[in-house]
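Each chain is listed here by its residues.
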Amino acid sequence: MPPRKIGIIAGGGILPKLAVDAAKKQDADVFVVILDGHGVPADFRDVEHTMCRLGAVGSILAALQSAEVQEVCLIGTVRRPSLAQLRPDRRAFNLIARYGFSGLGDDALLRSVGDVLTKEGLRLVAVQDLVGGLLLRPGSVGSIEPTEAAWPDIEKGLKVARQLGVADVGQAVVIQQGIVLAVEAIEGTDRLIARSAQLAYPGRGPILVKCCKPQQDQRLDLPTIGPDTVRSAASAGFSGIAAEAGRTLVADIDNLRLAADAAGLFVYGFADGDVTTDGGAAVNESEA
């Protein structure tokens, strides 16, 4: 039997390299499609790879098929381009014509790409299934816990973030003292944090709340936090980060923990039942 061969469609950040390393440890062969302008070619010098434009769907599929890949993992940060920047090839144009471009949010666009890959006989692999220990666990990551005053903000942020998710807009909200400072759109989390810093009020700092979209295909995209997220939040005067446990990817959790403790802000993984409708921290019956 030929060895397992996994294709990694790589955007930016640390996660594509972690996916490659994990696949190699599982004795799988690896082929990487680096998305031009998003992925980092230097990270993949020691594995078979090619570079493709984001809009060159036909070339991406041809490269995966030529490499005899059976499974595909899409991972890494990609800033969504305009239609002009995308420069779609025929396969991408047909995809856009079928689903529409302006009506596709990030999740719908990813799911449509996933449909194309599976129809070509490729199996989608979630990065969290390939790389162990990536999912945020319930509770505080570092030594700092959310204060009692933080819980109403976490609850409100979660409600707003879930409404954004249903509309396929973004995965994150910044909230401070009951006021929504900003919601994530196309700019990504770091720019969201920077924009929020200009809108913040004196006193207890804002909180970043991230959660998975309700309809999200978790094989293709999940909210992600890492040490850079913590450092950006700390520089912006945030008091903490709350993200959905079990459905948020954590890049480099050890350094994230160190960064959070050094900055004096909390990073908390909330699970079902952690937040009640009245804004307080829920108490499990077993702990009451």
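My aim in this report is to walk through the structure given alongside it, one point at a time. Positions within a chain are numbered from 1, following the residues in the order the chain's sequence is written. The predicted nature of this model means local features are confined to residues of pLDDT at least 70 and side-chain atom pairs, given and counted, to a pLDDT of 80 or more, with totals for whole chains, interfaces and linings taken over all residues. Hydrogen atoms and water are omitted, and side-chain values are computed over all heavy atoms in the structure.

Another aspect to go through is the environment of Val20. Strands here are runs of E lasting at least two residues and helices are runs of H or I lasting at least four, both read from the DSSP assignment and numbered beginning at the N terminus. Here Val20 shows up in helix α1 (residues 15-25). On a C-alpha basis, the gap between Val20 and Cys73 in space is 9.8 Å, while along the polypeptide they are 53 residues apart. By definition in these notes, contact holds between two residues if any of their heavy atoms fall within 4.5 Å. Among residues more than four places away in sequence, those in contact with Val20 are Ile8, Val30, Val32, Phe44 and Val47.

To continue, consider the sheet that holds strand β11 (residues 240-244). By the convention used here, strands pair only if DSSP detects at least 2 bridges between them. Taken in spatial order, the six strands of this open sheet run β6-β13-β11-β9-β7-β8, and their pairing is mixed. Single-partner strands in this sheet number two, and they are β6 (139-140) and β8 (179-183). Across four bridges, strand β7 (residues 172-176) lies against strand β9 (residues 207-210) in antiparallel orientation. Across the sheet, Ile175 pairs through a bridge with Ile207, a residue of β9. Taken strand by strand, helix α8 (residues 189-197) contacts β7, β8 and β9, and its axis lies near 135 degrees from that of β8. Simply put, an axis is a line fit to the C-alpha atoms, just over the touching stretch for a helix, and the angle between two N-to-C directions goes from 0 to 180 degrees.

This paragraph deals with the sheet that holds strand β3 (residues 48-52). The strand order across the open sheet built from five strands is β3-β2-β1-β4-β5, with neighbouring strands paired in parallel fashion. Of all strands in the sheet, those bounded by a partner on one side alone are β3 and β5 (123-124). Two elements, strand β4 (residues 71-75) and β5, share two bridges in a ladder whose sense is parallel. If you follow Glu71 over to β5, its bridge partner there is Arg123. Sheet contacts for α1: β1 (5-10), β2 (29-35) and β4; angle to β1, the most-contacted strand, approximately 175 degrees. Against the sheet, helix α2 (residues 57-66) makes contact with β1, β2, β3 and β4, and its axis sits at roughly 165 degrees relative to β2, the strand it touches most.

Its location among the elements puts Lys210 in strand β9. In this scheme, a residue with accessible area under 20% of its type's maximum is buried, one over 50% is exposed, and one in between is partly exposed, where area comes from a 1.4 Å probe on protein chains only. Note on charges: Lys and Arg go in the positive column, Asp and Glu in the negative column, and His and the chain ends are not counted at all. By definition here, a salt bridge exists when the distance from a side-chain nitrogen of Lys or Arg to a carboxyl oxygen of Asp or Glu is within 4 Å. Put simply, Lys210 is tucked away with no salt bridge, and the nearest opposite charge, on Glu184, sits 5.0 Å away. We call two N or O atoms a polar contact when they sit within 3.5 Å, provided that within protein one can donate a hydrogen and the other can accept it, with sequence-adjacent residues counted only if both atoms are side-chain atoms. A distance of 2.9 Å separates the side chain of Lys210 from the side chain of Thr189, its partner in a polar contact. Within the structure, the side chain of Lys210 is placed 2.9 Å from the backbone oxygen of Thr224, a separation counted as a polar contact. With near-sequence residues (within four places) excluded, Lys210 lies in contact with Gln171, Ala172, Thr189, Pro223, Thr224, Ile225, Ala242, Ala243, Glu244 and Phe270.

Quick look at the packing of aromatic side chains now. By convention, a stacked pair of Phe, Tyr or Trp rings (six-membered ring in the case of Trp) has centres within 6.5 Å and planes under 30 degrees apart, an edge-to-face pair has planes over 60 apart, and any other such pair is tilted. In the structure shown here, the tally under the stated rule is one aromatic pair. Ring geometry for Trp151 versus Tyr268: centroids 5.3 Å apart, planes at 85 degrees, classification edge-to-face. Here the residue Trp151 occupies a position in helix α7 (residues 150-166), and Tyr268 occupies one in strand β13 (residues 266-270), the gap between them amounting to 117 residues. On the basis of relative accessibility, which here comes to 8%, the residue Trp151 falls in the buried class.

This part takes up α7. Count 3.6 residues to each turn of an α-helix, and residues three or four apart come out pointing the same way. What a helix should span is 1.5 Å times the count of its residues minus one. Under the 1.5 Å per step criterion, the end-to-end length of α7 is 25 Å for 17 residues, consistent within 8% with the ideal 24 Å. Inspection of α7 places Ala150, Trp151, Asp153, Ile154, Glu155, Gly157, Leu158, Val160, Ala161, Leu164 and Gly165 among the buried residues, and these make up the whole buried set. Looking at the buried side of α7, the elements it contacts are β7, β8, β9, β11 and β13. Asp168 lies just past α7 and shows a positive phi near 60 degrees.

Here we come to helix α9 (residues 227-235). Those residues of α9 not exposed but buried are Pro227, Thr229, Val230 and Ala233. Considered in projection along α9, the buried side chains sweep an arc of 160 degrees and stay on one side of the axis. The arc in question is traced by the directions running from the helix axis to the C-beta atoms.

Another aspect to go through is the nonpolar core. Take the buried Ala, Val, Leu, Ile, Met, Phe, Trp, Tyr and Cys residues and link them wherever side-chain atoms come within 4.5 Å; each set so joined is a nonpolar core. Core analysis: the largest hydrophobic core is formed by 25 residues, its most contacted members being Ile8, Val32, Ile75, Val127 and Leu130. Elements supplying a minimum of two residues to this core: β1, α1, β2, β4 and α6 (127-130). When near neighbours in sequence (up to four residues on either side) are disregarded, Val127 contacts Ala19, Cys73, Ile75, Leu134 and Leu249. Counting residues in each nonpolar core, the second largest holds 22 residues, with Leu136, Leu208, Ile225 and Leu265 among its members.

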